[in-house]
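Structural description and commentary
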Amino acid sequence: MQLSAAEPVWSLSREALEAALQTTAEGLSGEEARRRQERLGPNQLPALPRRSLLLRLADQQVHFMALLLWVAGALAFAAGTPQLGWAIWAVVLINGLFSFWQEFQAERTLAVLRQALPRQVRVWRDGQLQELAATELVPGDRIALEEGDQVPADARLVQAAGLSLDLAVLTGESLPVARHAQPIPPERGSLPMREQANLVLAGTTVASGRGEALVYATGAETEFGHVAGLTAATARGASTLEQQVGRIVRTITAIALSMAVLSFTLSWLFVGMEPLESLVFAVGILVANVPEGLLPTVTLVLAITVRRMARRQALVRRLSAVETLGSVSVICSDKTGTLTCNRMVVEATWLPDLPTGDASSADALLLEQACLCSNAHLERGRGGLRTIGDPTESALLMAALERELDPQQLQQRHPRQRELPFDSHRRRMSVVVRDGEAGLLLITKGAPVEVIRHCTAVHTALGRQPLDEERRGQALAANDHFARQGYRVLAVAQRPLAAADAAPRHEELRAEELENELELLGLVGLYDPPRPEVPEAIRQCHQAGIRVTMVTGDYGLTAQAIAQQIGLLEPEGAGGGPGQLDPVRVIEGSHLDRLSAVQLRQLLKFRRRLVFARMAPEQKLRLVQAYRALGEVVAVTGDGVNDAPALRAADVGLAMGQVGTDVAREAADIVLLDDNFATIAEAVRYGRSVVANIAKFITYILASNVPEIAPFLAMVALRIPAALTVLQILAVDLGTDLLPALGLGAEPPEPGVMRRQPRRRDQPLLDRRLMARAYGVLGGTEAACSMAVYLLAWRAQGIDGSALRELAPSLLQGTATASVLAMQHQASAAAFTTIVFGQFGVLLACRSTTRPVLAASGVAGLLANPLLLLGIAWETCLTVALVLVPPLAALMELAPFPSGWLGWMVLAPLLIVLVDDTRKRWFRGRGAIPG
């Protein structure tokens, strides 16, 4: 929509601006807004161009492992075995398709989840302040902005109260820039749009203050839209987990290449095979050891975990955060809304002339002035009356309504002239309102200690009285009494402005000059009860070796009372008496400032349960940095614009989805849709399961490599025929093992995962213990079983060891008789089926690194993972088909065997489970965690 005015938007008066945008002071009607959106489209940027699906599919065919397999296939063709070459190339193509599909699904999952939390804006429609999705804005809309909001569209300010803007997204300048609502003379039009002091531009954020603005550009027509159109998408860097998996791939591939070269050398020089035959076996060894499905499985595990976390109210914005959650050792949590229910209710009041007063006898003046010094609004809709705004201020409005006071009428009788917004350093906010015919009245609301410090009088039934030391002590004692009950306490004060301070001079005075010589009206105690599920969540975190530290801007006694109620602190701390502040475990911001860096690190190192109260944003940032300097992996919660630095500095930033500001959400890695601390504990549980599932999958894949390699080693060492062919190895790797391995990647978190200590940040996935279990315990047992069954199959056909050695040359050279080939095919089928059966045992053993198979894989455990059951069914059906269907059996050089041999094969999974369970019990007996 084009402005119907000759002058630039920044130079227009409010009336001219409304006329140019064809809107009114009450905003647009809903019908007019719909018409404009149909004509102009939604308020969103066009999607950035991406690589085509074909090119992204091609990427999956040319990475390191794929190139290695392409070369292996070419060598198979060169060796005169085109079937093997085609089979290897088929592996590359199928694996590439699978990887592409998993990446595509993961991207779709993240896109869908992000849409589950649309950005909301406050906008006037039909004369009412409403909350709508930012995409619904159109030119002419009147929007409300406050600290922490991300500006949703280009707009011209019509009201501003201490408003400053962070323009870093457009200019790179990190310092906030002040904004006002006054027209700017046209002669200043040479300045860029972003430097016009009465404009707020899309993508920027409100650093402080409040304001109202009229939208004049949306979507691609905004300044941000013009910049975005020139910017290419930034590629996402590899996460820590992806880097570790990459190292695993390179390590295993190096092992595979080494073993392939060794196999080629041994089979040619010591077994007497022809060079081309030796090359075929070397290719088989290479293919057997390359973990073709590892990378797509990592993507699958992350995608499944992200979906599971979303169902538990944790929206993941960056995939790398999922893995980091598994290593979190410290959680720095807000109090209000995270540990508590965020349902503020006025429980008690204190008045200077009625120290024992309660809500029923409160002076109406206290609540009237508290409502006037509030930015919350009442809205009447079909569902009844509701409040929009900060929960604390909303509670004040509801308390006024219960006492038959009408906040809306109060605001009409006392129109606001100026606002001094709350900030975390003053810990108070003030407004200047019209006080009837008499003039102006300053009202201040905030932290009792800070407000009382600026008071010189109290309001009593007898009128204004001096605030002497006795009354000051009474007020502070009342504050402490409320705080010990876990109440959030607000002080309310007022000051009639003298003629010398009256308009227009009050607009020239700073907050420090106006907020003095105040008259204390009283205290309001609001209670926000702890969430009922939080004590158990904190107990689980402590059991998991995770420190939970409360970081709040509230009064120390209030924070201590809530911490004791939720089990974060003992009922009575060691350093304070009953009802007194515990200075050992409750550290206020002023005390923190007096600690040196060394003292702070010592405090954090030796005190596991701490509460930090009266914390400013820079103090919260310092705390996070100190924890990280100790080597801790830190998760931090936040909801305000001032929390953004700490959220960015943390290893995992957790923003509030219900009350969090746009700035906090953008800075965070994960958004808590329910603002609940218990959701953090649940997210950590899933984060731990990601790394555990990757380790399970790797163990399973590596274990099958040993029985695949054993036949070739036995061929060299014992001079017997190879129990498996290369095609049979590929059938195990790509056919029978693929779905069961994916099932392990989709395993739910183990019951005991939150009873272990946090995983070290630098702990490798592929460590010695895992390799010993995979190659030695599981793989070694499976290899022994398969080779034993292979030899027993020959013996059952009347061929002992010495006779088998005599038959080996003819089988290797392709000169064996049909009957000998038939016996070899039966024996190979027996070895192949034993490996598949053995993988059943490995699969069950890998479901848990600590629990026996019967405890981890009962009926309920298996039913909890349908993909695992599907994998087992697929593995069974494919094995039966490869052995019994004649065309497939002929291709794979297998043959049906007597059913009596199945008894030998069934022993393989039982023996594998027995050996691994014995190992687990041995480790538990030593007090260690099995790998």
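Source: prediction; values computed, not measured. (Residues numbered from 1 in each chain as written. Predicted model: local features only at pLDDT ≥ 70, side-chain atom pairs only at ≥ 80, totals over all residues. Heavy atoms only, no water.)

**Let's talk about the overall build of the protein**
When helices and strands are tallied, the protein shows 35 helices and 25 strands. Here the protein holds 931 residues, and the buried ones make up 56% of them. Within the protein, counting contacts between residues at least 6 apart in sequence, those at least 24 apart form 72% of the total. As displayed, the protein has an accessible area near 38600 Å², and 58% of this comes from carbon and sulfur atoms. (Helix = DSSP H or I, 4+ residues; strand = E, 2+ residues; numbered from the N terminus. Buried < 20%, exposed > 50% of the residue type's maximum accessible area, 1.4 Å probe, protein only. Contact = heavy atoms within 4.5 Å. Areas by Shrake-Rupley, 256 points an atom, 1.4 Å probe, with all protein chains shown as cover.)

**Side note on helix H29 (residues 801-813)**
Residue pairs spaced three or four apart in an α-helix point in one direction, given the helix's 3.6 residues per turn. Under the 1.5 Å per step criterion, the end-to-end length of H29 is 19 Å for 13 residues, consistent within 8% with the ideal 18 Å. All buried positions along H29 are accounted for by Leu-804, Leu-807, Ala-808, Ser-810, Leu-811 and Leu-812. Just past H29, the residue Gly-814 takes up positive phi, approximately 75°. (Expected span 1.5 Å × (residues − 1).)

**Topic: the side chain of Glu-782**
On the secondary structure map, Glu-782 appears in helix H28 (residues 768-796). The buried charged residue Glu-782 lacks any salt bridge, with Arg-773 as its nearest oppositely charged partner at 11 Å. In this structure Glu-782 touches Ala-703, Pro-707, Ile-835, Gly-838, Gln-839, Val-842 and Ile-912, once residues within four positions along its chain are discounted. (Lys, Arg positive; Asp, Glu negative; His and termini not counted. Salt bridge = Lys/Arg side-chain N within 4 Å of Asp/Glu carboxyl O.)

**Structural notes on the sheet that holds strand S9 (residues 330-333)**
The sheet built from eight strands is open, its strands ordered S8-S25-S24-S23-S9-S20-S22-S21 with mixed pairing. Each edge of the open sheet is held by one strand with a lone partner, namely strand S8 (314-316) and strand S21 (586-588). For this sheet, the mean inter-axis angle between neighbouring strands, taken without regard to orientation, is 20°. Bridge count between S9 and strand S20 (residues 547-551): four bridges; the pairing is parallel. Paired with Cys-332 across the strands is Thr-549, a residue of S20. (Pairing = 2+ DSSP bridges. Axes fitted to C-alpha atoms, helices over the stretch in contact; angles between N-to-C directions.)

**A word on the nonpolar core**
Membership of the largest hydrophobic core comes to 101 residues, with the highest contact counts inside it found for Met-309, Met-550, Ile-670 and Phe-677. Ranked by the residues each element gives to this core, the list is headed by helix H25 (residues 677-718), at 16 residues. Setting aside its immediate chain neighbours within four residues, Met-550 contacts Ser-333, Lys-335, Leu-339, Ala-559, Ile-562, Ala-563, Ile-566, Leu-568, Leu-610, Val-611 and Phe-612. Counting residues in each nonpolar core, the second largest holds 67 residues, with Ile-729, Ala-731, Leu-894 and Phe-897 among its members. (Core = buried A, V, L, I, M, F, W, Y, C linked by side-chain atoms within 4.5 Å.)

**Re the confidence of the model for the protein**
The pLDDT averaged across the protein works out to 82; a share of 85% of its residues lies at or above 70. The model gives residues 229-237 a pLDDT under 50, and that stretch makes four contacts with residues more than four places away or in other chains. Across residues 356-362, where pLDDT falls below 50, the model places 10 contacts with residues more than four positions away in sequence or in other chains. (pLDDT = per-residue confidence, 0-100.)

**Brief notes about the environment of Val-451**
Summarising the element assignment, Val-451 is placed in helix H15 (residues 448-453). Residue class for Val-451 comes out buried when judged on its relative accessible area of 0%. C-alpha separation for the pair Val-451 and Arg-428, spaced 23 residues apart in sequence, amounts to 7.3 Å. Beyond its immediate chain neighbours, meaning those up to four positions away, Val-451 contacts Arg-428, Thr-444, Lys-445, Gly-446, Ala-491, Ala-493 and Leu-518.

**Some details on the pairing of S9**
Along S9, one buried face is formed by Val-330 and Cys-332 and the opposite face, lined by Ile-331 and Ser-333, is buried too. Where S9 and strand S23 (residues 634-638) come together, three bridges link them in parallel fashion. Paired with Cys-332 across the two strands is Val-636, which belongs to S23.

**With respect to the side chain of Glu-223**
Along the chain, Glu-223 turns up in helix H7 (residues 223-228). Looking at Glu-223, the relative accessible area reads 18%, which means it is buried. If we ignore the near neighbours within four places in the chain, the residues touching Glu-223 are Asp-154, Met-193, Arg-194 and Leu-201.

**Focus: a nonpolar patch on the surface**
Residues Trp-268, Leu-269 and Phe-270 make up a contiguous nonpolar surface patch of about 340 Å² in total accessible area. Inspection of the secondary structure assignment puts Leu-269 in helix H8 (residues 240-269). (Patch = residues over 30% accessible without salt bridge, like charges linked within 9 Å, V, L, I, M, F, W, Y side chains within 5 Å.)

**Considering the packing of helix H27 (residues 738-745) against helix H33 (residues 866-884)**
At a minimum axis distance of 7 Å, the contact between H27 and H33 shows a crossing angle of 165°. Accordingly, the angle class assigned to the pair H27 and H33 is roughly antiparallel. Along this stretch, H27 crosses H33, giving a crossing that reads as left-handed. On the side of H27, the interface is formed by Leu-739, Pro-740, Leu-742, Gly-743 and Leu-744, while H33 contributes Leu-867, Leu-868, Leu-870, Gly-871, Ile-872, Trp-874 and Glu-875. By residue class, the composition of the contact of H27 with H33 is nine nonpolar, two polar and one charged. (Parallel < 35°, antiparallel > 145°, perpendicular 65-115°, else oblique. Left-handed = near helix turned anticlockwise from the far one by under 90°. Nonpolar A, V, L, I, M, F, W, Y, C, P; charged D, E, K, R; others polar.)

**Comments concerning the packing of H25 against helix H30 (residues 818-846)**
Two elements in contact, H25 and H30, have axes separated by 10 Å at closest approach and are oriented at 155°. When the axes of H25 and H30 are compared, the pair comes out roughly antiparallel. Where H25 crosses over H30, the two elements pack in a sense that is right-handed. In this structure, H25 contributes Lys-696, Thr-699, Tyr-700, Ala-703, Ser-704 and Pro-707 to the contact, and H30 contributes Ile-835, Gln-839, Val-842, Leu-843 and Cys-846. Of the residues contributing to the contact of H25 with H30, the split by class is seven nonpolar, three polar and one charged.

**What about the pairing of strand S3 (residues 142-146)?**
On a regular strand, each side chain points to the face opposite its neighbour's, so the side chains alternate between the two faces of the sheet. Counting buried positions along S3 gives four out of five residues, so the element sits mostly inside the fold. Pairing between strand S1 (residues 120-125) and S3: three bridges, direction antiparallel. Among the inter-strand pairings, Arg-122 is bridged to a residue of S3, identified as Ala-144. Note that S3 and strand S7 (residues 205-217) share five bridges and pair antiparallel.

**Here we look at the packing of aromatic side chains**
On inspection of all chains with the given rule, the structure shows 10 aromatic pairs. Judged by centre distance (5.7 Å) and plane angle (15°), the rings of Trp-901 and Trp-904 are stacked. When its relative accessible area of 7% is taken as the criterion, Trp-901 is described as buried. Of the residues examined, Trp-904 reaches a relative accessible area of 27% and is grouped as partly exposed. Ring pairing ties together the aromatic residues Trp-70, Phe-77, Trp-86 and Trp-89, which thus form one cluster. Positioned over the ring face of Trp-124 is Arg-142, at 3.7 Å from the centre of the ring. Arg-685 extends its terminal NZ or CZ atom over the ring of Tyr-686, reaching a point 5.3 Å from the ring centre. (Phe/Tyr/Trp six-rings, centres within 6.5 Å; stacked < 30°, edge-to-face > 60°. Lys NZ or Arg CZ within 6 Å of the ring centre and 35° of its normal.)

**Focus: the pattern of salt bridges**
Following the criterion strictly, the structure yields 33 salt bridges and no others. Of the charged contacts, one joins Glu-18 and Arg-14 as a salt bridge, the two residues approaching to 3.1 Å between their closest N and O atoms. Placement of the pair is Glu-18 and Arg-14 together in helix H1 (residues 14-20), with a separation of four residues, close to one helical turn. The exposure class assigned to Glu-18 is buried, which follows from its relative accessible area of 14%. Through salt bridges with shared partners, a single network forms among Glu-31, Glu-32, Arg-34, Arg-35 and Arg-36.

**Examining the environment of Pro-852**
Secondary-structure assignment places Pro-852 in the loop between H30 and helix H31 (853-856). Taking relative accessible area as the criterion, Pro-852 reaches 24% and is therefore assigned partly exposed. Along the backbone, Pro-852 and Asp-916 are 64 residues apart, and their C-alpha atoms lie at a distance of 8.3 Å. The contact partners of Pro-852, leaving out residues within four places of it in the chain, are Asp-917 and Arg-924.

**Focus: unusual backbone geometry**
A positive phi angle is found at Gln-22, which is not glycine, with a value near 55°. Look at Asp-126: it is not a glycine, yet its phi comes out positive at around 55°. Looking at the element boundaries, Asp-126 is found in the loop between S1 and strand S2 (128-133). The exposure class of Asp-126 is exposed, given its relative accessible area of 52%.

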